[in-house]
Amino acid sequence: MSSENFDNLRLELRRGGLVVAVLAALYSEQYGYTLRKIMADHGIEIDEGTLYPLLRRLESQGLLKSKWREEQKRNKRFYQLTVAGKQILEQLLTEWRSMDSSINSILKEYGHATSRTVSASR
Amino acid sequence: MQLLERYLQAVKFWLPKEQKEDIIAELSEDIHSQIDEKEAELGRKLNEVELEAILKQRGRPILVANRYLPQEQLIGPVLFPIYRLVLKIVMLCYLVPWTVTWIALLIFNSGYAAKFAGHSWIEILGSLWAQLWGTAFLAAGTVTLVFAILERVQRKSHFLEEWNPRKLPPINNPNLISRFNSIVELAANLIFCVWWTAHMSSNVVWNQLNLRISLAPAWRYFFWGFLLLAFVNIGFAVVNLARPYWTAPRASIRLVSDIAGSVLFCWLLKAHLLVEIAGASISPMKAVQLTGTINFWMARMFSAAVILGVVIAIVNIFRIARVTAPRAHIPGKTAAMA
């Protein structure tokens, strides 16, 4: 049950992070398969069933642009950030860092106190 | 590669029409890239089993296609709790009376019961079950349809977002007794006592307009019994007005008085109290027949009265259990009871 809870919470936590990671990786042009490899190489596993619908959604929001081009004798769809996408990414990164800093600050103030209390009670 | 073509065809079937080709082209390219990589790693072409493993890992076609579809809900999370509540209320207020009516018709209506003549109890219950399911589906379907329409209206107009905190219902305290109810109970019992003592104290309960209705001598027990219960109820209403919340002793006394009232009423139905109806416009034979019919139908109502009495007792027992159960402290509740 706790493992299931963790999986669900992890999924929720990752959802927003994935968008930031995908946008960050698309500063340079990539097609879907290489994008997945890049993400995996950096420790973020994302399955194709999540990645491609996400790319389409971001494209429909004007944050990505795509074009079909032949490479290695096969047509591939390449994605890249638009100007609007770059702006949004910067805003999201600011938000991300602010959130990270806030959580660290909370942990520093209360997390330590909690662990001290637990240790003392033992 | 025929397996891959079949897979793509199956995914394509579920995709939105305007995006079918585009999505399939990209998905096909992605799978081909994965196959190429695997073949480069193995140094040979993939066999059917290996290709099957790749497709299996990708997922069932309908699930793969579903991720490209817009997320649609018949009833969204905003309306769903209300939908569930309404569905429960409809099921309770529609199906339960429907079942009770059906059973009552079967027992009391000889014409309706004749339809099932010669059928076993299992067949009769099967018939009830079949009709009940039909009714339940119709009721649930109607509620679902109404909420599906509401969901669409809500999505466009956002009418649920407009609200006023001042219109929230007051804190619900099931142990609180409404003063209005106590006043109604007090007034009703006082009126009853006046009417009862003025008109029902004698065995001849009606002697006007050339019509005379007489009851058996046992009537005096019922007269005093119901009068005593009315006095108890008056006392109760007065106490409830002064201290409007249930306590364990008061809930227990209410249970005893309700059981006494139910027993008295059930006994009344079975007692064949009506002994004479006489009037200028009624022939003696007709009067005897009418007396017999009224006594007969009062006796027939006995089972229903017993059921009603049991229901009242159960409600009272639940009240006692609620009052005696330990409750979590809710701020403001103590103040409301004081």
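Within every chain, residues take consecutive numbers counted from 1 along the sequence as written. In the order they appear in the text, chains get letters beginning with A and ligands get numbers beginning with 1. Only residues with pLDDT of at least 70 get local features here, since the model is predicted, and only at 80 or more are side-chain atom pairs given and counted; chain-wide, interface and lining totals rely on the full set of residues. The basis for every side-chain value is the complete set of non-hydrogen atoms in the structure, without hydrogens or water.

Undergrad: Got a sec to walk through the side chain of T135 of chain B? Specific residues and values, please.
TA: Residues and elements named next belong to chain B. Relative to the assigned elements, T135 resides in helix α7 (residues 121–157). A 3.5 Å cut-off defines polar contacts: any pair of N or O atoms within that distance qualifies, except that in protein one atom must be a possible hydrogen donor and the other a possible acceptor, and neighbouring residues in sequence count only when both atoms are side-chain atoms. A polar side-chain atom of T135 sits 2.7 Å from the main-chain carbonyl oxygen of Q131. The residues contacting T135, other than those within four sequence positions of it, are Y94, L95 and W98. Segments assigned H or I by DSSP are reported as helices when at least four residues long, segments assigned E as strands when at least two residues long, and all are numbered from the N terminus. Residue contacts are defined here by distance: any two heavy atoms, one from each residue, within 4.5 Å place the two residues in contact.

Undergrad: I'd like a description of the pairing of strand β3 (residues 74–81) of chain A, backed by residues and values.
TA: All names here are of chain A. Pairing between strands is defined by DSSP: at least two bridges between them are needed. In this structure, strand β1 (residues 30–31) lies alongside β3, joined through two bridges in antiparallel fashion. Within β3, the residue paired with Y31 across the bridge is F78. As paired strands, strand β2 (residues 64–71) and β3 are joined by eight bridges and run antiparallel to one another. Bridging from a neighbouring strand, E70 pairs with N75 of β3. Where β2 folds back onto β3 in an antiparallel hairpin, the turn is made up of two residues, including Q72, whose phi is positive at roughly 50°.

Undergrad: Tell me about helix α3 (residues 48–60) of chain A, residues and numbers included.
TA: Look at α3 of chain A: 18 Å from first C-alpha to last across 13 residues, which is about the 18 Å you get at 1.5 Å a residue. Exposure is judged per residue with a 1.4 Å probe applied to protein chains only, and the accessible area is read against the type maximum: over 50% gives exposed, under 20% gives buried, and values in between give partly exposed. When α3 of chain A is considered as a whole, its buried residues turn out to be E48, G49, L51, Y52, P53, L54, L55, R56 and L58 of chain A. Buried residues along α3 of chain A sit in contact with α1 (2–25), α2 (32–41), β2 and β3 of chain A together with α2 (20–42) and α3 (48–58) of chain B. Among the residues of α3 of chain A, the N-terminal cap falls to D47 of chain A, whose side-chain oxygen and the backbone nitrogen of G49 of chain A are separated by 3.0 Å. Phi turns positive, to about 80°, at G62 of chain A, one or two residues after α3 of chain A. To estimate the expected span of a helix, subtract one from its residue number and multiply by 1.5 Å.

Undergrad: Could you give an account of α2 of chain B, with specific residues and numbers?
TA: All names here are of chain B. Helix length check: α2 (23 residues) gives 33 Å between terminal C-alpha atoms against 33 Å at 1.5 Å per residue, within 8%. Listed in full, the buried residues belonging to α2 are I23, I24, E26, L27, S28, E29, D30, I31, S33, Q34, I35 and E39. Residue G43 follows α2 closely and has a positive phi angle near 75°.

Undergrad: Outline the interface of chain B and chain A, listing residues and values.
TA: Contact with chain B, which involves 16 residues of that partner, is made by 18 residues of chain A. Two parts placed together each lose some accessible area under a 1.4 Å probe, and the buried area is that loss summed for both. Between chain B and chain A the total buried area reaches about 1,500 Å² when both faces are included, carbon and sulfur atoms providing 43% of it. We define a salt bridge as a contact between a side-chain nitrogen of Lys or Arg and a carboxyl oxygen of Asp or Glu at a distance within 4 Å. At the boundary of chain B and chain A, one finds eleven salt bridges. Between E48 of chain A and R58 of chain B there is a salt bridge whose closest N-O contact spans 3.8 Å. For the side of chain B that touches chain A, the secondary structure elements donating two or more residues are α2 and α3 of chain B. At eleven residues, α2 of chain B tops the list of elements feeding residues into the side of chain B that touches chain A. Class assignment for the residues of the side of chain B that touches chain A results in three nonpolar, five polar and eight charged. Under the scheme applied, nonpolar residues are Ala, Val, Leu, Ile, Met, Phe, Trp, Tyr, Cys and Pro; charged residues are Asp, Glu, Lys and Arg; polar residues are all the others, including Gly.

Undergrad: An account of the packing of helix α9 (residues 219–242) of chain B against helix α10 (residues 248–270) of chain B is needed here, citing residue identities and associated values.
TA: Residue and element names in this part refer to chain B. Two numbers describe how α9 lies on α10: the axes approach to 11 Å, and their chain directions differ by 155°. The pairing of α9 with α10 is recorded here as roughly antiparallel in orientation. The chirality of how α9 crosses α10 is left-handed. Where α9 abuts α10, its residues W219, F222, G225, F226, L229, V232, N233, F236, V239 and N240 lie against R250, I253, R254, S257, A260, G261, L264, F265, W267 and L268. In terms of residue class, the contact of α9 with α10 is made up of 13 nonpolar, five polar and two charged. In this analysis, axes come from line fits to C-alpha atoms, helices being fitted only over the stretch in contact, and the angle between any two N-to-C directions falls in the range 0 to 180 degrees. Each angle receives one of four descriptions, namely roughly parallel if under 35 degrees, roughly antiparallel if over 145, roughly perpendicular if within 65 to 115, and oblique otherwise. Definitions for this section: a left-handed crossing has its near helix turned counterclockwise from the far helix by less than a right angle. A right-handed crossing has that turn clockwise.

Undergrad: Before we move on, can you summarise the packing of aromatic side chains with the specific residues and values?
TA: Residues and elements named next belong to chain B. Stacked, edge-to-face and tilted are the three classes for Phe, Tyr and Trp ring pairs, Trp counted by its six-membered ring, which pair at centre distances within 6.5 Å; planes under 30 degrees apart are stacked, over 60 edge-to-face, the rest tilted. A full pass over the atoms with the stated rule returns 17 aromatic pairs over all chains. Pairing F192 with W196 gives two aromatic rings, centres 4.9 Å apart and planes at 25°, and the pair type is stacked. Of this pair, F192 and W196 both sit in helix α8 (residues 179–199), four residues apart, roughly one helical turn. Taking relative accessible area as the criterion, F192 reaches 25% and is therefore assigned partly exposed.

Undergrad: Could you give me a rundown of the pattern of salt bridges, with the residues and numbers involved?
TA: Scanning all chains against the criterion turns up 21 salt bridges over all chains. E50 of chain B is paired through a salt bridge with R44 of chain B; the nearest N and O atoms lie 2.8 Å apart. Taking relative accessible area as the criterion, E50 of chain B reaches 22% and is therefore assigned partly exposed. In this structure R44 of chain B comes out as partly exposed when scored by relative accessible area, which is 40%. Each member of the salt-bridge network shares a partner with another, and the members are R56, E59 and R77 of chain A together with D22 and E26 of chain B.

Undergrad: Account for a nonpolar patch on the surface, with residues named and values stated.
TA: All names here are of chain B. Like-charged residues within 9 Å of one another, or nonpolar side chains (Val, Leu, Ile, Met, Phe, Trp, Tyr) within 5 Å, are grouped into patches, provided each residue has over 30% relative accessible area and no salt bridge. What sets the accessible areas is the Shrake-Rupley method with a 1.4 Å probe; for residues, cover comes only from the shown protein chains. Together, V78, I82, L145, I149, V153, F159 and L160 line one region of the surface with nonpolar side chains, adding up to about 580 Å² of accessible area. Here the nonpolar patch gets three residues from one element, more than from any other, and that element is α7. Among the structural elements, I149 can be located in helix α7.

Undergrad: Describe the confidence of the model for chain B, and please don't skip the residues or the numbers.
TA: All names here are of chain B. Values of pLDDT, the confidence the predictor places in each residue, fall between 0 and 100. The predicted model of chain B has a mean per-residue pLDDT of 87, with 96% of residues at 70 or higher. At the level of individual helices and strands, chain B shows its lowest average pLDDT in helix α13 (residues 333–337), which scores 46, and its highest in α8, which scores 94. Among the scores for the predicted complex, ipTM is 0.76 and pTM is 0.58.

Undergrad: Provide a residue-level description of the sheet that holds strand β3 (residues 274–279) of chain B, including the pertinent values.
TA: Residue and element names in this part refer to chain B. Across the sheet, which stays open at both edges, the three strands sit in the order β1-β2-β3 with antiparallel pairing between neighbours. The strands lining the two open edges of the sheet, one partner per strand, are β1 (204–208) and β3. Along the sheet, successive strands turn relative to each other by an average axial angle of 10°, direction set aside. Direction of pairing for strand β2 (residues 211–215) relative to β3: antiparallel, over a ladder of five bridges. In the strand pairing of β3, R212 is matched with A278.

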